[in-house]
Amino acid sequence: MPSWTAHDLPDLTGRTVVITGAGRGLGLITARELARAGARVVVGVRDTDRGRRAVAGLPGVFDVRSLDLSDLGSVRAFADSWSGDIDILVNNAGVMDIPAARTADSLDLQTTTNYTCSAG
């Protein structure tokens, strides 16, 4: 049975991809590979300085933007600042197994972070 790898990605030139939580781990690898395939990759991260450092030196076109899914104001600001199309949305950001905590909007931190993008 053949295995699918990132080298099997089609040419994504002219496509815009938004990836949440792309400053490290699986999100960063996904960003790297989609950019390698030609996509413009918008990296939505809580810490834009760390996000810029993460993609520095990677080939491709990256746009690092502030996006904290645990803060509905941040989600609104990201959405309000958007113009143009989004061809691919990768809902990668998430937290798990954290102590009980509330967001600035008085919502459960884990639920808000893990489901904001998919519900909105």
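Provided above is the structure to which this section pertains.
Nothing here was measured: the structure is a model prediction, and the numbers come from that model. (Residues numbered from 1 in each chain as written. Predicted model: local features only at pLDDT ≥ 70, side-chain atom pairs only at ≥ 80, totals over all residues. Heavy atoms only, no water.)

### Describing the overall build of the protein chain
Scanning the protein chain from terminus to terminus reveals 4 helices and 4 strands. Start at the N end of the protein chain and walk to the C end: the helices and strands fall as β-α-β-α-β-α-β-α. Relative to its 120 residues, the protein chain shows a buried fraction of 29%. The contacts in the protein chain between residues at least 6 apart in sequence include a share of 53% that link residues at least 24 apart. As presented, the protein chain carries roughly 7,400 Å² of accessible surface, and 52% of it is formed by carbon and sulfur atoms. (Helix = DSSP H or I, 4+ residues; strand = E, 2+ residues; numbered from the N terminus. Buried < 20%, exposed > 50% of the residue type's maximum accessible area, 1.4 Å probe, protein only. Contact = heavy atoms within 4.5 Å. Areas by Shrake-Rupley, 256 points an atom, 1.4 Å probe, with all protein chains shown as cover.)

### Topic: helix H2 (residues 48-55)
By the N-cap criterion, in which a side-chain oxygen at the helix start approaches the backbone nitrogen of a residue two or three places on, H2 is capped by Asp47, the distance to Asp49 being 3.1 Å. Backbone geometry just downstream of H2 places Gly57 in the positive-phi region, at approximately 85°. (Polar contact = N/O pair within 3.5 Å; in protein donor to acceptor, adjacent residues only side chain to side chain.)

### Here's the deal with the sheet that holds strand E3 (residues 61-66)
In space, the 4 strands of this open sheet follow the order E3-E2-E1-E4, with parallel pairing throughout. Looking at the sheet topology across the chains shown, the edges are occupied by E3 and strand E4 (88-90). In this sheet, neighbouring strand axes are inclined to one another by 20° on average, regardless of whether the strands run parallel or antiparallel. Summarising the sheet, strand E1 (residues 16-20) and E4 pair through 3 bridges and their orientation is parallel. (Pairing = 2+ DSSP bridges. Axes fitted to C-alpha atoms, helices over the stretch in contact; angles between N-to-C directions.)

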